[in-house]
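Given next are the chains, with one letter for each unit.
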Amino acid sequence: MASTQPKPYLREAKFPQDFDDIVEVARRAFQTDPPFLFCGNVTEITESGFLKEEDDKKLRVLLAFFLRCCIDIKARITVVVFPEEGGKERIAAAAYWMPPKRRLALTDVGRLLRAGVTGYLKAWGITGTHRMTTLYLDVAHKSLQNVLKKRVNDTWHLNMVMTHPDYQGRGCLSMIVREQYKFAPEATFTLEASTPKSRDQYAHLGFEVHGAFTLGKGKVGADGLPAKGQAATGMEISPMIKWPASSK
């Protein structure tokens, strides 16, 4: 007999009602994400695989700040929803797509203040901000710029995408990305893959690596946690591009 269980569907996020649910999905998804661990100067995780309370609070501050920035800049934010009994919904995954010509800049003081940059700076400090911006995002941007030249800001950029651990392996990422391809069929898309697993998933969806670089070499291992000697390999970051079909 065919299953009558409601199927998941994708929709654009609704604010403010979806805000807390999306931040919680992101918090669970990025608990052990190597770049976040490195940029947050996390020294260890618990035996159960979660961040310590203080580090968990810092992560939530960052994720809430990122989401507020994306809302303010009018990013296209989509969510995968699993229907539940009584007409309720469970947000299982989310993505922040930055449209062409819309990027967050350090000169956008008003936007940063509205998004809560003061709380972010207090939680992450100078070291965390330097690692996140100068060592990570700026290098990734330059890698893409070397290929795209002046067109780097003309792309749709996948700022963040996340799936709650309870729903991983159920096709959420594919649903999100393929829907965006249909939304902007002639666009060029960019992103940074922060793990070999995510890099391979994006490659399966048509993205190509351009200008991979190592983050945190000599300080952390591939897991983003402090390491020494040969174990301090750092982590490979893979800037990636999905060209429109018409360009091939």
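Residues numbered from 1 in each chain as written. Predicted model: local features only at pLDDT ≥ 70, side-chain atom pairs only at ≥ 80, totals over all residues. Heavy atoms only, no water.

**Some points on the overall build of the protein**
Selection criterion: Secondary structure elements are taken from DSSP: a helix is a run of H or I of four residues or more, a strand is a run of E of two residues or more, and numbering for both begins at the N terminus. Between the two quantities, the radius of gyration covers C-alpha atoms and the globule rule is 2.2 Å times the number of residues to the power 0.38. Exposure categories follow from relative accessible area, calculated using a 1.4 Å probe and restricted to protein chains: below 20% of the type maximum is buried, above 50% is exposed, and the middle band is partly exposed. In this description, contact between two residues means that some pair of their heavy atoms is separated by no more than 4.5 Å. Here the accessible surface of atoms and residues is derived via Shrake-Rupley with a 1.4 Å probe, and residues count as covered only by protein chains that are part of the display. The convention is simple: Lys and Arg are positive, Asp and Glu are negative, and His and the chain ends are not counted. Lysine's charge is taken at NZ, arginine's at CZ, aspartate's at CG and glutamate's at CD.
The number of helices and strands found in the protein is seven helices and eight strands. For a compact globule of 248 residues, the expected C-alpha radius of gyration is about 18 Å, and the protein comes in at 18 Å, within 12% of that figure. In terms of principal-axis extent, the alpha carbons of the protein reach across some 55 × 45 × 40 Å. The buried share of the protein, taken over its 248 residues, is 46%. Taking the contacts inside the protein whose residues are at least 6 apart along the sequence as the reference set, 74% of them involve residues at least 24 apart. Taken as a whole, the protein presents about 13,200 Å² of accessible surface, with 52% of it coming from carbon and sulfur. On the protein, the mean spot of the 35 positive side-chain charges and the mean spot of the 27 negative ones are 5 Å from each other.

**So, the nonpolar core**
Spelled out, the test is: Residues grouped as a nonpolar core are buried Ala, Val, Leu, Ile, Met, Phe, Trp, Tyr and Cys residues, joined through side-chain atoms within 4.5 Å.
Among the nonpolar cores identified, the biggest contains 47 residues, and Ile 22, Phe 36 and Met 132 are the most heavily contacted of them. The biggest single contributor to this core is helix α3 (residues 53-72), with nine residues. Residue contacts for Ile 22: discarding those within four places in its chain leaves Ala 13, Phe 15, Leu 67, Ile 77, Val 79, Ile 91, Ala 94 and Tyr 96.

**What about unusual backbone geometry?**
Cis geometry is found at the peptide bond from Phe 15 to Pro 16, where omega equals 15°. You can see Pro 16 is positioned in the loop between β1 (9-12) and α1 (19-29). Non-glycine residue Asn 41 carries a positive phi angle of around 55°. The backbone of Lys 101 shows a phi angle near 75°, a positive value even though the residue is not glycine. By the secondary structure assignment, Lys 101 is in the loop between β3 (89-98) and α4 (109-115).

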